[in-house]
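The lines below spell out each chain.
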Amino acid sequence: LVNASASLKKPQRLSPRTEFAQKKILDVLSTRRDFTSISAIVPYVPLGKSQIRRHLYQLYEQGLLEQQEIDGIFLWRKKRDI
């Protein structure tokens, strides 16, 4: 139990695979101005749709992406520098 609480205090270290996938997703989204569906990202990232979705939510939680929902479909875009 002591180790569990200690690990929560450490900054999260992403695995190399996660880091690669998230960078790839950000690269794809940085080339687009508009909100983009997961289906449009799939051909460029060598992962399944559910894995891409998980990474999109992680990037959103990190404040790197914006999210928009239209008719129950989530669309994503890289957050703009203000």
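Residues numbered from 1 in each chain as written. Predicted model: local features only at pLDDT ≥ 70, side-chain atom pairs only at ≥ 80, totals over all residues. Heavy atoms only, no water.

Colleague: Teacher, can you tell me more about the pattern of salt bridges here?
Modeller: Pairing is possible between side chains that carry opposite charge, provided their charged atoms lie close to one another. All chains considered together, the criterion is met by two salt bridges. In this structure, the salt-bridge partner of Lys23 is Asp27, at a minimum N-O distance of 3.1 Å. You can see Lys23 and its partner Asp27 sitting in helix α2 (residues 16-30), four residues apart, about one turn around the helix. For Arg77, the salt bridge is made with Glu66, and the minimal N-O distance between the two is 3.3 Å. With Arg77 in strand β3 (residues 73-78) and Glu66 in strand β2 (residues 65-70), this residue pair connects regions lying 11 residues apart in the sequence. (Salt bridge = Lys/Arg side-chain N within 4 Å of Asp/Glu carboxyl O. Helix = DSSP H or I, 4+ residues; strand = E, 2+ residues; numbered from the N terminus.)

Colleague: I tried to follow the packing of aromatic side chains on my own but got confused; where do I start?
Modeller: The description of an aromatic ring pair uses the distance of the two centres, along with the angle that the planes make with each other. Scanning all chains against the criterion turns up four aromatic pairs. Taken together, a centroid distance of 6.2 Å and an interplanar angle of 70° make the contact between Tyr57 and Phe74 edge-to-face. Taken together, the positions of Tyr57 in helix α4 (residues 49-61) and Phe74 in strand β3 put the pair 17 residues apart, joining distant regions of the chain. Looking at Phe74, the relative accessible area reads 30%, which means it is partly exposed. Consider the rings of Phe74 and Trp76, whose centres lie 6.5 Å apart with planes at 35°: the pair is tilted. For Trp76, a relative accessible area of 0% translates into the label buried. (Phe/Tyr/Trp six-rings, centres within 6.5 Å; stacked < 30°, edge-to-face > 60°. Buried < 20%, exposed > 50% of the residue type's maximum accessible area, 1.4 Å probe, protein only.)

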